[in-house]
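Below are the chains, spelled out letter by letter.
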Amino acid sequence: AVMERVKPFRPAVAVVSCQAYEDRRLACEETWIPEVVLRQGIPVFTVVGDPELPVPGRFDASRNLLTLRVEDDYAHLTEKSFALFEWVAAHTNFTHLVKCDDDTYVLGPRLMRQLRRGLPYVGSPLTFEDGTLYGSGSGYILDRSAIDILATDHLDREEFFEDVAVGRALSR
């Protein structure tokens, strides 16, 4: 009998925030994060920016905080998101990345169902004015192949709308 090889399953959730919104990060930590971490077994970390950081990214495991060398405001969300994809591709073995905002409430069981679908890109589908299909920026799921594509995409980083930039890069 031939044994079927089981694919590894190591998802993570990245909560994209900024240093000024500590209250939003605390709200996540006090509400949905324990459910996702303890019951679903999925690591969750927060992402902020610091343009003065001497390295491209620094992870503080004691705070589950990834600081990236980018501006820390909404106008630079696309840059921060693509820097996140680069960091995840270079420094982790995550098979899936859930990118959500700090004002999003994640439902653990629903998240697990979506992750188990095995799709490379999952989100609330919307169509941008140029016809680009994308997953709404409040949150979307990427598998490793999508993470790797986004980590090396340099064509869409000037797009103001981060979720549209992701959809456009993945549609090529």
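Structural data are supplied above this passage.
All residue numbers refer to positions counted from 1 along the written sequence of the respective chain. Residues qualify for local features only when their pLDDT is at least 70, as the model is predicted, and side-chain atom pairs are given and counted only at 80 or more; totals for whole chains, interfaces and linings, by contrast, use all residues. Computation of side-chain values covers all heavy atoms of the structure but excludes hydrogens and water.

Residue-level account of the overall build of the protein, with values.
Strands here are runs of E lasting at least two residues and helices are runs of H or I lasting at least four, both read from the DSSP assignment and numbered beginning at the N terminus. Along the protein, the regular secondary structure elements total six helices and seven strands. Expressed along its principal axes, the backbone C-alpha trace of the protein runs to roughly 55 × 40 × 30 Å. Scored against the burial criterion, the 172 residues of the protein give a buried share of 47%. The criterion used for residue contact is that any of the two residues' heavy atoms lie within 4.5 Å. Taking contacts inside the protein between residues at least 6 apart in sequence as the whole, the part at least 24 apart equals 61%. Surface accessibility of the protein: about 9600 Å² in total, with carbon and sulfur atoms responsible for 53%. Only four residue types enter the tally: Lys and Arg on the positive side, Asp and Glu on the negative side, with His and both chain ends excluded. Charged groups are reduced to one reference atom each: NZ for lysine, CZ for arginine, CG for aspartic acid, CD for glutamic acid. Side-chain charges of the protein comprise 19 positive and 27 negative groups, with the mean position of each set lying 9 Å from the other. Relative accessible area decides the class of each residue, using a 1.4 Å probe on protein chains only: under 20% of the type maximum gives buried, over 50% gives exposed, and in between gives partly exposed. Using a 1.4 Å probe, accessible areas were evaluated by the Shrake-Rupley method; residue-level cover was limited to the displayed protein chains.

Residues and numbers for the side chain of Asp 143, please.
Structurally, Asp 143 can be placed in strand β7 (residues 133–143). Side-chain polar atoms of Asp 143 contact the side chain of Ser 145, separated by 2.7 Å. Of the polar contacts made by the side chain of Asp 143, one reaches the backbone nitrogen of Ala 146; its length is 3.0 Å. Aside from chain neighbours lying at most four places away, what touches Asp 143 is Thr 95, His 96, Leu 119 and Pro 120. Pairs of N or O atoms within 3.5 Å make up the polar contacts considered here, provided that, within protein, one atom can donate a hydrogen while the other can accept it, and that residues adjacent in sequence are counted only when both atoms are side-chain atoms.

So what's going on with the layout of surface pockets? Residues and values would help.
Space inside the largest pocket adds up to approximately 410 Å³. For the lining of the largest pocket, the secondary-structure elements that each account for two or more residues are β5 (96–101), α4 (108–116), β6 (121–127) and β7. Side-chain classes are defined by residue name, with Ala, Val, Leu, Ile, Met, Phe, Trp, Tyr, Cys and Pro counting as nonpolar, Asp, Glu, Lys and Arg as charged, and the others, Gly among them, as polar. Among the residues making up the lining of the largest pocket, the classes are represented as ten nonpolar, six polar and two charged. Contributions of two or more residues to the lining of the second largest pocket are made by α3 (77–91) and α6 (162–171). Considered class by class, the residues forming the lining of the second largest pocket number seven nonpolar, two polar and nine charged. A pocket, in this scheme, is an open set of points on a 1 Å grid over the protein atoms alone with protein on both sides within 12 Å along at least 5 of 7 lines, while a cavity is a set where a 1.4 Å probe fits but cannot get out; residues line either one if an atom lies within 4 Å of a point. Grid points are joined across faces, edges and corners, and a volume is the space filled by probe spheres set on the points.

Which residues make up the packing of aromatic side chains, and what values do they have?
Stacked, edge-to-face and tilted labels apply to pairs of Phe, Tyr and Trp rings (six-membered ring for Trp) whose centres lie within 6.5 Å, assigned for plane angles under 30 degrees, over 60, and everything in between, in that order. According to the stated counting rule, one finds ten aromatic pairs in the structure shown. Considering the side-chain rings of Phe 82 and Phe 85, the 5.5 Å spacing of their centres and the 75° angle between planes classify their relative orientation as edge-to-face. Here Phe 82 and its partner Phe 85 are both found in helix α3, three residues apart, which amounts to about one turn of the helix. With relative accessibility at 0%, the residue Phe 85 sits in the buried group. For the ring pair Tyr 121 and Tyr 140, a centre distance of 6.0 Å and an interplane angle of 75° mean the geometry is edge-to-face. Residue Tyr 121 is located in strand β6, and its partner Tyr 140 is located in strand β7; the two are separated by 19 residues in the primary sequence. We classify Tyr 121 as partly exposed; its relative accessible area is 23%. What links up through ring pairs into an aromatic cluster is the set Tyr 74, Phe 128, Tyr 134, Phe 160 and Phe 161. Looking at Arg 24, its charged tip hangs above the ring of Tyr 21, at a distance of 4.1 Å from the centre. We call a charge positioned over a ring when the NZ of a Lys or the CZ of an Arg lies within 6 Å of the ring centre and within 35 degrees of the ring normal. Across the ring face of Phe 9, the terminal group of Arg 116 is positioned such that the distance to the ring centre comes to 3.8 Å.

Distances and angles like these do not, on their own, reveal function.
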